[in-house]
Amino acid sequence: MNDNPLLSAWTTPHGLPPFDAIRPEHYAPAFEATMAEHRAEVDAIAADPAEPTFENTVAALDRAGQGFARVAGVFFNLTASETSDALQAVERELMPKIAAHQSWLSLHEGVFKRVEALYERRGSLGLAPEQLRLLERVRLDYVMEGALLKGAARKRYAAIAEELAGLFTTFSQWVLADEAAFCLELKTDDDRAGLPEFVLDAAKSVAADKGIDGYAINLSPSLVDPFLTYSTRRDLRERVWRAFKARGETCAERDTKPIAEKILRLRAELAGLMGYANYADYALVDRMAKKPAAVDDLLMRVWAPARARALEEQKDLEAIARREGFSGTIMGWDWFFYAEKLRQERYALDEAALKPYFQLEKMTDAMFDAAGRLYGVAFKELKGVPLYHPDARLYEVSDKASGAIVGVFIADSFARPTKRGGAWMNEFRNQSRNRAGGYPYPIVINNNNFAKAPAGKPTLLSLDDVRTLFHEFGHGLHGLLSNVTYNRLAGTNVLRDFVELPSQINEHWALTPEILKKHAVHAATGQPMPDELIALIKKSEHFNQGFLTVAYTSCALIDMSLHQHPNPDRLDLAAFEKAECERLGVPEAVGMRHRLPQFRHLFADNGYAAGYYVYMWAEVLDADGFEAFEASGDAFNAELAAKFKRFVLSAGNTLDPAEAYRAFRGRDPDVGALLRGRGLS
Ligand SMILES: [Zn+2]
């Protein structure tokens, strides 16, 4: 059909992209062709002379753009996991065109008219529950993008959206500039006192980047935290801590506060245009929480015990500090330092002793084993199929009972210069039965950034890495086990405060004794992890939770009050932050994890505005959900697992999330489990 592999039929196993044939120059023509095809499909739906029906409008819209989705699936995965100068150049050229395409789709008045006509008659269309849910979702997607606005309001909406996009970029760039500008050179042995090898290695590469022969600290959180933990130089800890907390307001010419104030004013105006009292009301329309009051209720239930615990922790730290000969008040720059001493004293949990038990290969088997026992799926590695990088590994996922293929899974575990940081799940193809031809099952990928061991040695993970591995695989299972008809409702396409349930609950199985005994095997001795070590991991789970919970929850609370501000025109960000911290009684030595001038979740895009709470919202569900398994006396209780699979992992967005949770659990979630999980009850 075409010599562009992105536009040809894919005859590869499972319809995988033909990675070995795709070159950067193939993307531009492929996007051009598939976006044109997508526009033609959508225009044809709008121009259909037949009366709108669910099938000729909503289902057709859901089916449209499969070629575009196929190309975008390859492009967005490879730009994140295996980029190159050539691919980055393509990205710069294509991103504005892709954004324009998406905005054209969401502003299509002809299609919206038909959707709206159907929505008005939705009760009399005889739709199945999943069809009704799709109609409601599609209509809401349009409405949230301003489809109901007319005339001047519609124009103003577009102008606000455009202005916000520019402000978001400025905000992120200025915070980044503050992080890059800072440099604390560690010139003498004394300057480096207390720092372990891995911090010195990182400090050396920071120095090299800045053209310094020696050691230096910048404001990357992955370096700041360990520096504050290990440096015995209190004066240097204070300098780093103060600079870190001042990001965004370090110098007048890139003070982010006026930018954030402008963003908040525009958001308030946008919410007003859409008919809401404030931005939080608007943002929560499409969330499980529904109303800001529900979020505030949850956060405040956690707040009081967390604050009390943090103050106790501070006393413990002061006691240990006094024994070490320090008599002052514990400040922000002392917390990590004395907490580490306390942790060593109380738990003697040495990361170095733990690591040999967590071999990546075995822990990958562990997550497959857990999923197999819970959800009846089997994983078989496929070798010899070309992927985009030799380290990426391919697995066929099948249903144990029927033998049917349910999906394909790619594990791309290692850090490399061509991959962005962090860990994430994505899809090359989502599950769907509303697709003309081709495969109905998904191709799911997990990306991690573990440090690869030298050839011949096993890659070892930290406890945190193990949690991350299982977390991302929880998202992976949400994609793999999806069993719905429509694309829009498949897999992880759920509400933002529900999407972390599958990932967060999956972390719990990583540390069950059954899994550790079988898979946490010492790399050198082959011995399974001893019971004392398993008990120590369990015992140390509550350590420093007061600090961590206060640092997070204060941010979540202030995010909510900021986006419900009654008078954003007169908002003074600095005064607001100070007043809110006083109102809540945020302990000074703890503080907010992200101060407002550097709070990228809120001001680098709209995704987490009035939405920083979502992790805790999902934690209520995952803690309460996992307690059901524990209470049954069997962490792999088959009946509960079957329900979780049916109502959560396989249901995608076909069910209301509160109803889905009730169907699994038999009742509404109880916040008590979260408090117990954090040791705050
Ligand atoms: Zn996640």
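These numbers were taken from a predicted model, which means no experiment stands behind them. Note on numbering: residues in each chain are counted from 1, in written sequence order. Local features in a predicted model are, by the rule used here, given only for residues with pLDDT of at least 70; side-chain atom pairs are given and counted only at 80 or more, and totals for whole chains, interfaces and linings are based on all residues.

Draft legend 1. Layout of the overall build of the protein. Helix and strand assignments come from DSSP, with helices taken as H or I runs of at least 4 residues and strands as E runs of at least 2, each series counted from the N terminus. Looking only at helices and strands, the protein features 27 helices and seven strands. The size measure is the radius of gyration over C-alpha atoms, and the globule rule it meets is 2.2 Å times the number of residues to the 0.38 power. The C-alpha radius of gyration of the protein comes to 26 Å, within 12% of the 26 Å expected for a compact globule of 681 residues. When its C-alpha atoms are laid out on the principal axes, the protein stretches across 85 × 65 × 55 Å. Burial in this document is a count-based property: other C-beta atoms within 10 Å of a residue's C-beta are tallied, and the residue is buried at 20 or more, exposed at 12 or fewer, or partly exposed in between, with C-beta positions derived from the backbone. Expressed as a percentage of its 681 residues, the buried residues of the protein come to 40%. Across the protein, contacts joining residues at least 24 apart in sequence account for 72% of those joining residues at least 6 apart. By definition, residues are in contact whenever their C-beta atoms, placed on the basis of the backbone, come within 7 Å of each other.

Draft legend 2. Summary view of the environment of Ala181. With respect to the secondary-structure elements, Ala181 resides in helix H7 (residues 151-181). The partly exposed category is assigned to Ala181, around which 14 C-beta atoms lie within 10 Å. C-alpha separation for the pair Ala181 and Thr250, spaced 69 residues apart in sequence, amounts to 9.9 Å.

Draft legend 3. The nonpolar core, seen in detail. Defined on buried residues, the nonpolar core groups Ala, Val, Leu, Ile, Met, Phe, Trp, Tyr and Cys residues joined through C-beta atoms within 7 Å. Residues Val240, Leu299, Met367, Ala556, Tyr613 and Trp617 are the most contacted members of the largest nonpolar core, which totals 154 residues. Contact partners of Met367, with chain neighbours within four places excluded, come to Leu469, Phe470 and Phe473. Val58, Val115, Leu134 and Tyr142 belong to the second-largest nonpolar core, a separate cluster that totals 17 residues.

Draft legend 4. Looking closely at unusual backbone geometry. The backbone phi angle of His14 is positive, close to 60 degrees, even though this residue is not glycine. Locating His14 in the fold gives a position in the segment before helix H1 (27-47). We note that Lys290 has phi near 70 degrees; this positive angle belongs to a residue other than glycine. Mapped onto the elements of the fold, Lys290 is located in the loop between helix H12 (279-283) and helix H13 (292-323). On the basis of neighbour counts, which here come to 15 C-beta atoms within 10 Å, the residue Lys290 falls in the partly exposed class.

Draft legend 5. Representation of the domain arrangement of the protein in the model. Domains assigned within the protein are domain 1 (13-148), domain 2 (182-246) and domain 3 (355-542). Spacing between the C-alpha centres of domain 1 and domain 2 amounts to 47 Å. The domain limits used here are those given by an automatic or database domain assignment.

Draft legend 6. Quick peek at the sheet that holds strand S5 (residues 405-414). For two strands to be treated as a pair, DSSP must find no fewer than two bridges joining them. Judged by pairing direction, the sheet is mixed, and its five strands sit side by side in the order S3-S4-S5-S7-S6 without closing on themselves. What marks the edges here is a single partner per strand, and that holds for strand S3 (377-382) and strand S6 (424-429). Direction aside, the axes of adjacent strands within the sheet are offset by 25 degrees on average. The pairing of strand S4 (residues 393-399) with S5 spans six bridges and is antiparallel. By the bridge assignment for S5, Glu396 is matched with Val408. For helices, the fitted axis covers only the stretch in contact; all axes are lines through C-alpha atoms, and the angles between them, taken along N-to-C directions, range from 0 to 180 degrees. In the packing of helix H16 (residues 360-375) onto the sheet, contacts are made with S3, S5 and strand S7 (443-450), and the angle to S3 comes to roughly 145 degrees. Contacting S4, S5, S6 and S7, helix H17 (residues 463-480) runs over the sheet at an angle of about 170 degrees to S7.

Draft legend 7. Region of interest: helix H2 (residues 54-63). Residues Thr57, Val58, Leu61 and Asp62 constitute the buried set of H2. All buried residues of H2 project into a common sector of 110 degrees when viewed along the axis, lining one side. On its buried face, H2 sits against H1, helix H5 (109-120) and helix H6 (129-144). Within two residues after H2, Gly65 carries a phi angle of roughly 80 degrees, on the positive side. Here the arc refers to the directions that run from the helix axis out to each C-beta atom.

Draft legend 8. Expanded view of the pairing of S4. Pairing between S3 and S4: six bridges, direction antiparallel. Paired with Ala378 across the bridge in S4 is Ser398. Connecting S4 to the antiparallel partner S5 that follows it, the hairpin turn spans five residues, and Gly403 within it adopts a positive phi of roughly 80 degrees.

Draft legend 9. Region of the structure containing the packing of helix H9 (residues 221-230) against helix H10 (residues 234-245). Between H9 and H10, the least distance of the axes is 10 Å, while the angle of their chain directions is 150 degrees. What the angle tells us is that H9 and H10 run roughly antiparallel. For the crossing formed where H9 meets H10, the hand is left-handed. Across from Val224, Phe227 and Leu228 in H9, the residues of H10 making contact are Arg237, Val240, Trp241 and Phe244. Three classes are used: nonpolar for Ala, Val, Leu, Ile, Met, Phe, Trp, Tyr, Cys and Pro, charged for Asp, Glu, Lys and Arg, and polar for all others, with Gly counted as polar. When grouped by side-chain class, the residues that make up the contact of H9 with H10 number six nonpolar, no polar and one charged. Any angle that falls under 35 degrees is termed roughly parallel, while one over 145 is termed roughly antiparallel, one within 65 to 115 roughly perpendicular, and all others oblique. Each crossing gets its hand from how the near helix is turned against the far one by less than a right angle, where anticlockwise is left-handed and clockwise is right-handed.

Draft legend 10. Region of the structure containing the environment of Arg343. Take Arg343: it is sitting in helix H14 (residues 332-347). Put simply, Arg343 and Phe358 are 15 residues apart on the chain and 21 Å apart in space, counted from C-alpha to C-alpha.

Draft legend 11. Inspection of H17 at higher detail. Its 18 residues give H17 an end-to-end C-alpha distance of 25 Å, which sits within 8% of 26 Å, the value for a rise of 1.5 Å per residue. The element H17 is extensively covered by neighbouring structure, given that 15 of its 18 residues are classed as buried. Working rule for helices: expected span equals 1.5 Å times residues minus one.

Draft legend 12. Region of interest: the packing of H16 against H17. Relative to each other, H16 and H17 sit at 40 degrees, their axes nearing to 10 Å. Accordingly, the angle class assigned to the pair H16 and H17 is oblique. Read as a crossing pair, H16 and H17 show a hand that is right-handed. Taken together, the residues of H17 that come into contact with H16 (itself represented by Met363, Met367, Ala371 and Tyr375) are Val466, Leu469, Phe470, Phe473 and Leu477. For the contact of H16 with H17, a count of residues per class yields nine nonpolar, no polar and no charged.

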